[in-house]
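Chains, contacts and geometry: an overview
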Amino acid sequence: MSSIVRRARSSSLPNFLAWRALGFRTICSGGLGIAPSSSPPASAGIKILESFKEEFEVGSRVVTLETGKIARFTNGSVVLGMDETKVLSTVTCAKSKSPGDFLPLTVDYQEKMFAQGLIPNTYMRREGAPKERELLCGRLIDRPIRPLFPSGFYHEVQIMANVLSSDGKQDPDILAANAASAALMLSDVPWGGPIGVIRLGRIGGQIVVNPTMDELSSSDLHLIYACTRDKTMMIDVQAREITEKDLAAALRLAHPEAVKYIDPQIRLAAKAGKQKKEYKLSMLSEKTLEKVTDLAAERIESVFTDPSRGKFERGEALENIGKDVEKVFEEEGDQESLSILPKAVDTVRKKIVRSRIISEGFRVDGRHLDEVRPIYCESHHLPALHGSALFSRGDTQVLCTITLGAPGDAQRLDSLVGPPKKKFMLHYTFPPFCTDEVGKKLGLNRREVGHGTLAEKALLAVMPPEEDFPYTVRINSEVMASDGSTSMASVCGGSMALMDAGIPLRAHVAGVSVGLVTDVDPSSGEIKDYRIVTDILGLEDHLGDMDFKIAGTRNGVTASQLDIKPAGIPLDIVCESLENARKARLQILDHMEREINSPRDQQCRLATLKYTNDALRNLIGPMGALKRKIEEETGARLSIDDGTLTIVAKNQAVMDKAQEKVDYIIGREIVVGGVYKGTVTSIKEYGAFVEFNGGQQGLLHMSELSHEPVSKVSDVLHIGKYITMMCIDSDVRGNIKLSLKALLPKPTSRPEKLPVVKEAVSVETSSFGEAVASLPSVVEPPQKSKLAVPAVVIRTAVECDEAEKSSHVDKNTKPKRAATVKPDRKLKSTASKQTVKEDETLSSTATEESRDDCGETLTQENKLNCTSLENNSNIVSSSKESPSISARKLKIGTEMTAKVHQIRTHGLVLDLGGGIRGMYKFEGDEETEFEIGDTLQVKCTSFSSKGIPVMALVDEEDV
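Definitions and cut-offs
Residues numbered from 1 in each chain as written. Predicted model: local features only at pLDDT ≥ 70, side-chain atom pairs only at ≥ 80, totals over all residues. Heavy atoms only, no water. Helix = DSSP H or I, 4+ residues; strand = E, 2+ residues; numbered from the N terminus. Buried < 20%, exposed > 50% of the residue type's maximum accessible area, 1.4 Å probe, protein only. Contact = heavy atoms within 4.5 Å. Areas by Shrake-Rupley, 256 points an atom, 1.4 Å probe, with all protein chains shown as cover. pLDDT = per-residue confidence, 0-100. Pairing = 2+ DSSP bridges. Axes fitted to C-alpha atoms, helices over the stretch in contact; angles between N-to-C directions. Patch = residues over 30% accessible without salt bridge, like charges linked within 9 Å, V, L, I, M, F, W, Y side chains within 5 Å. Salt bridge = Lys/Arg side-chain N within 4 Å of Asp/Glu carboxyl O. Polar contact = N/O pair within 3.5 Å; in protein donor to acceptor, adjacent residues only side chain to side chain. Parallel < 35°, antiparallel > 145°, perpendicular 65-115°, else oblique. Left-handed = near helix turned anticlockwise from the far one by under 90°. Nonpolar A, V, L, I, M, F, W, Y, C, P; charged D, E, K, R; others polar.

1. Things to note about the overall build of the protein
A tally of regular secondary structure across the protein gives 20 helices and 34 strands. Within the protein, the fraction of its 959 residues that count as buried is 48%. Nonlocal contacts in the protein, meaning residues at least 24 apart in sequence, comprise 70% of its contacts between residues at least 6 apart. Total accessible area computed for the protein in this model is approximately 47500 Å², and 51% of it derives from carbon and sulfur atoms.

2. Comments concerning the confidence of the model for the protein
Model confidence for the protein is summarised by a mean pLDDT of 80, while 79% of its residues fall at 70 or above. Across the protein, the secondary-structure element scoring lowest on mean pLDDT is helix 20 (residues 867-870), at 35, and the one scoring highest is strand 9 (residues 221-227), at 97. Low pLDDT (under 50) marks residues 7-35, which in the prediction has 24 contacts with non-local residues, meaning those over four places away or in another chain. Here residues 752-797 is modelled with pLDDT under 50, and outside its nearest four sequence neighbours on either side it reaches 131 contacts, counting other chains as well.

3. With respect to the sheet that holds strand 29 (residues 736-739)
Hydrogen bonds between backbone atoms are what pair the strands of a sheet, whose relative direction is either parallel or antiparallel. The 5 strands are arranged 25-26-27-29-28 in a closed barrel whose pairing can be described as mixed. Each strand axis lies, on average, 55° off the axis of its neighbour in the sheet, ignoring direction. As paired elements, strand 28 (residues 722-730) and strand 29 share 4 bridges and run antiparallel to each other. Opposite Asp-729, over in strand 29, you have Lys-737 as the bridge partner.

4. Quick notes on the sheet that holds strand 4 (residues 85-97)
Taken together, 6 strands build an open sheet; the order of strands is 1-2-3-4-6-5 and the sheet is mixed. Taken across any chain shown, the strands that pair with only one partner, and hence form the sheet edges, are strand 1 (52-58) and strand 5 (105-110). Across the sheet, the axes of successive neighbouring strands diverge by a mean angle of 15°, strand direction being ignored. In this sheet, strand 6 (residues 155-165) lies alongside strand 5 in parallel orientation, the contact comprising 6 bridges.

5. As for a nonpolar patch on the surface
A cluster of nonpolar side chains, contributed by Ile-70, Phe-114 and Leu-164, occupies part of the molecular surface with about 250 Å² of accessible area. Within the secondary structure, Ile-70 is located in the loop between strand 2 (61-67) and strand 3 (76-82). On the basis of relative accessibility, which here comes to 36%, the residue Ile-70 falls in the partly exposed class.

6. Let's talk about the environment of Asp-601
By the secondary structure assignment, Asp-601 is in the loop between helix 14 (571-595) and strand 22 (605-610). Asp-601 sits in the exposed class, given a relative accessible area of 62%. The spatial distance from the C-alpha of Asp-601 to the C-alpha of Asp-500 is 8.2 Å, given a sequence separation of 101 residues.

7. Overview of the side chain of Thr-553
Among the structural elements, Thr-553 can be located in the loop between strand 20 (546-552) and strand 21 (557-564). A relative accessible area of 0% means that Thr-553 is categorised as buried. A polar contact is formed between the side chain of Thr-553 and the backbone nitrogen of Asn-555, at a distance of 3.1 Å. Among residues more than four places away in sequence, those in contact with Thr-553 are Glu-241, Val-462, Ala-507, His-508, Val-509, Thr-558, Arg-585 and Leu-589.

8. Comments concerning the packing of helix 7 (residues 286-304) against helix 8 (residues 311-332)
In the contact formed by helix 7 and helix 8, the axes pass within 10 Å of each other and the chain directions differ by 165°. Taken as axis vectors, helix 7 and helix 8 run roughly antiparallel relative to one another. The element helix 7 and its partner helix 8 pack so that their crossing is right-handed. Two secondary-structure elements touch here, helix 7 through Lys-291, Val-292, Leu-295, Ala-296, Arg-299, Ile-300, Val-303 and Phe-304 and helix 8 through Arg-314, Ala-317, Leu-318, Ile-321, Asp-324, Val-325, Val-328, Phe-329 and Glu-332. Its residues assigned to classes, the contact of helix 7 with helix 8 comprises 12 nonpolar, no polar and 5 charged.

Listed below in structure tokens is the structure:
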């Protein structure tokens, strides 16, 4: 065969003799076969998708309903469009009945980011678990649809709504609800629809149908209304204290607008709808129901006519009744009745409770129809938290707590419409223990999300505007015990907790749930009689026809939500319920206002500071390390956003600590009168330099250290000391003056240590080391002297030097003390000449100290002239106690008797008489057992460059 192939390849044959022309196919795996005859492939046909469409107008907007083009395998599918927003809703139904005794209806609403041409900003770049908004939209579709399924229909039904495109103008939730109604109409599932769902707003007092998202932001009413042709199915309201009268008017306007969706659905179902399928319904047999009634009706009635029984006592009694009936059926072997026994007992219980309310007007717990249960309110229940409150109404109890955060703590909302962030959150939790049950706590629960959102809407209306209150607020509502209307208890507890946290609410908000019990004609389905029940119990919610939650202030409604069990309620009854709820709400508000009626002082502090972006980058540090370190060390929360730094702390101590660290790193604007903290970097003779506010330097003069005079800066400060001071001045060159004493309380009076002296005293010290503050405390303010001849004698440096040269003082002579000196006092010292440096230091220190304490010197009739201090001179005034001596006669070598006027660390201040003061310096280890008033024999040895006499003690042998 291989040779044949080679010859065929080598020879040039005509085309009709080629392999394919002879009918041979390509050789494969060494084999030779006959090729099939070739023919041109048939082109693909064109598939025609038959679609049906309805177009109509609602609120000046065109709405389209379309089916048949996409999702053709579903039991029913509809695409509803308004402008550029399109939503697909589909319906599927299980073929077999669910084993339970309830309708397993599931509604899933999903928004994917492709609807706006975006990629999800998640790690996996795809949508994850359902978000809160998706759960809420699913509940919004479920609530008006569920009551219209026939009783006993227990097949599993799933409705899925997917947003295909969104222009951001219209919220897709209303479109999804109407599309779901149309899809149920097209399917073979038995359902009592259709329904219409509409959204209304009110802007400037005018009702707006189908408002856009921008219009809703300026509207004081956000109403979602669902209905059949003649009855109300669902209401959801968020408002800004709208009156009951205005709300009823809005409901009546919404009804005809919602009905506009009904006829197009009926027309579309007539064109493309399926024939309704006959499903087997699980109904109670009349025989079983009559038997249970005969066995248990009287005992059940006795349980519900005893108001002393509580929730669990009633439940235990009903459980025992059910067990007794079950034993009877077991003895008879009636298995069919045993399978439906719980439902039969519940039906009998429902008839008894409802008939008693209709006929007698009394309820299970003995209350009248419009009576509110006893209320207990307690604010500030947990003092360590930002805010807390405990609210109890009957057996229902809720604990609400407040947590305040920075603007950066706001919740991010990844939704197609609406704001990107939410700064006010209320998280509702319903743990199993609140009903004494055992259960697992899993993730997000649709009921918890729905109840929390309703309470959040109610409180949001009274929150202060963001400009005045930039906090992020989180309320945790923990249900401690449940016996009806825990969501409205969360509103009441949340309002008190917000005031306890210091949040300036416009008014308290309270909520109450209103129920309805009807007597219906079984043949026509019309309501013959009804009773509105205020503040319903959990049992009344289960056995009644309506749960109408209404919350608001004294001025009006802020939020409401209507859920019903029958296939619709007349709108007139709904509007009548608003007034019953208002009266009950006012009673609850009275209790809340008695507990707390105004915001408390804020325990949490928030500071908002403006900085440049460069400064904030320094605060953040590499990879945010510095910011995290500050938060860990202080416990505060730092939030940075476009040149704004927000610090949040739970108390003032934490706030101060955080601000200190921020100020040290990047500082803040220096304001005269502002209080700052800093570190002493250097100490000078005249004061200290302090580094603060992110590296700025300020001068803290020694006169600003204390209200008491300070001789040395080092006695008060040391390098590295962390101090708090006030800025008292700042000039155009950036020099900053600081003060410690500005933050200290001013002394009211000083204890008198010395007798009152009549002459003014001003002593300059330098090496003595103490300030003039040790002078007597009885002080007269300095005034200009009126003497013709000044009492101050000023020697020039030339005169002092000449007098010093002409004096021949024996430096080795032993000083002698006066006879008045105590005999046990020993003094071993020699007179030494004071150096020029010491004199200059003494004069400089005395001058500065004298300026600070000029107002604290004593005067006689002639007052102290402070201008002499400016000339660095000694202040002298007349004295009647010292012997008179002329300042001109005082020369080097002059001996005299002097009195100890003051005792310093390094020497004595002597009263030489005639108002002249001299100084005596201690030598080395010289004993300093002197007392003020001691008389000494002294001799003038020299004068300082400022004219101050320097004295030496005269020894007794030389007298």
